[in-house]
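Breakdown of the fold
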Amino acid sequence: MRVQARNIFERALAESGIDRAFERHVSCERGVLRVCEDLYDLHTYNRVLVISIGKAAHTMVNALEIQAGNNFEGIVASSVDPGSQARGFRYFHGGHPTPNAESIRAAEAILKSASAQNTLSLVLFMLSGGGVLDCGEADLTTTFL
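About the thresholds
Residues numbered from 1 in each chain as written. Predicted model: local features only at pLDDT ≥ 70, side-chain atom pairs only at ≥ 80, totals over all residues. Heavy atoms only, no water. Helix = DSSP H or I, 4+ residues; strand = E, 2+ residues; numbered from the N terminus. Buried < 20%, exposed > 50% of the residue type's maximum accessible area, 1.4 Å probe, protein only. Contact = heavy atoms within 4.5 Å. Areas by Shrake-Rupley, 256 points an atom, 1.4 Å probe, with all protein chains shown as cover. Pairing = 2+ DSSP bridges. Axes fitted to C-alpha atoms, helices over the stretch in contact; angles between N-to-C directions.

The helix and strand inventory of the protein stands at four helices and nine strands. Seen in sequence order, the protein has helices and strands lined up from the N terminus as α-α-β-β-β-β-α-β-β-α-β-β-β. When each of the 145 residues of the protein is scored for burial, the buried share is 33%. Sequence separation of 24 or more characterises 51% of the internal contacts of the protein that already satisfy a separation of 6 or more. Just so you have it, the protein exposes about 9400 Å², and 54% of that area is on carbon and sulfur atoms.

Right, here's the structure in full:
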């Protein structure tokens, strides 16, 4: 019974990984990006900006590139050293659990990049654990896939 429980746990852990989530929910065929049920014709946008924040930020960018290609650019803000960097992305090594100076620089870069977008831009926002939004009295951490 212990072996069965361990096998179930290992299978559940493998299925809940970022790579598997992106395999199930993200694809790109003929320039049409699918994220869950939403479709985005990438040919209709002048720019696609990816903002990836949190401990899994780099992993999510890698998973996005595996599923949808490497024609993206953007910002990665994480407290985890990625080892390597994806082409076209600016990396910031923020503090966790407390923000540091690099966290502030990342926030400024994100705000500047996001505010420079227009109606012909698509912004993909990926948030993982460690990327916390201050919502007044409560903190909110969300993963969308």
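So that's the structure; there's more coming.
As a further point, take the sheet that holds strand β7 (residues 121-127). A sheet is described by the order of its strands in space; here four strands give the open sequence β6-β5-β4-β7, paired in parallel fashion. The open sheet is flanked by β6 (89-93) and β7, the only strands paired with a single partner. Averaged over all adjacent pairs, the angle separating strand axes in this sheet is 10 degrees, with direction ignored. Examined bridge by bridge, strand β4 (residues 47-53) and strand β5 (residues 73-78) share five bridges and lie parallel to one another. Counterpart to Ile-53 in the pairing with β5 is Ala-77.

Cis geometry is adopted by the peptide bond preceding Pro-97, which originates at His-96 and carries an omega value of 10 degrees. Residue placement: Pro-97 occurs in the loop between β6 and α4 (101-115). For Cys-36, which is not a glycine, the phi torsion comes out positive at approximately 55 degrees. Topologically, Cys-36 is positioned in the loop between β2 (32-35) and β3 (38-41).

Spatial strand order, β1-β2-β3: three strands in an open sheet with antiparallel pairing. The open sheet terminates on both sides in strands that have one partner only, identified here as β1 (26-29) and β3. Going from strand to strand, the sheet's axes swing by 20 degrees on average, the running direction of each strand aside. The sheet contacts of helix α2 (residues 18-25) involve β1 and β2, and relative to β1 the element is tilted by about 45 degrees.

From the geometry alone we can't say anything about function, so treat these as descriptive.
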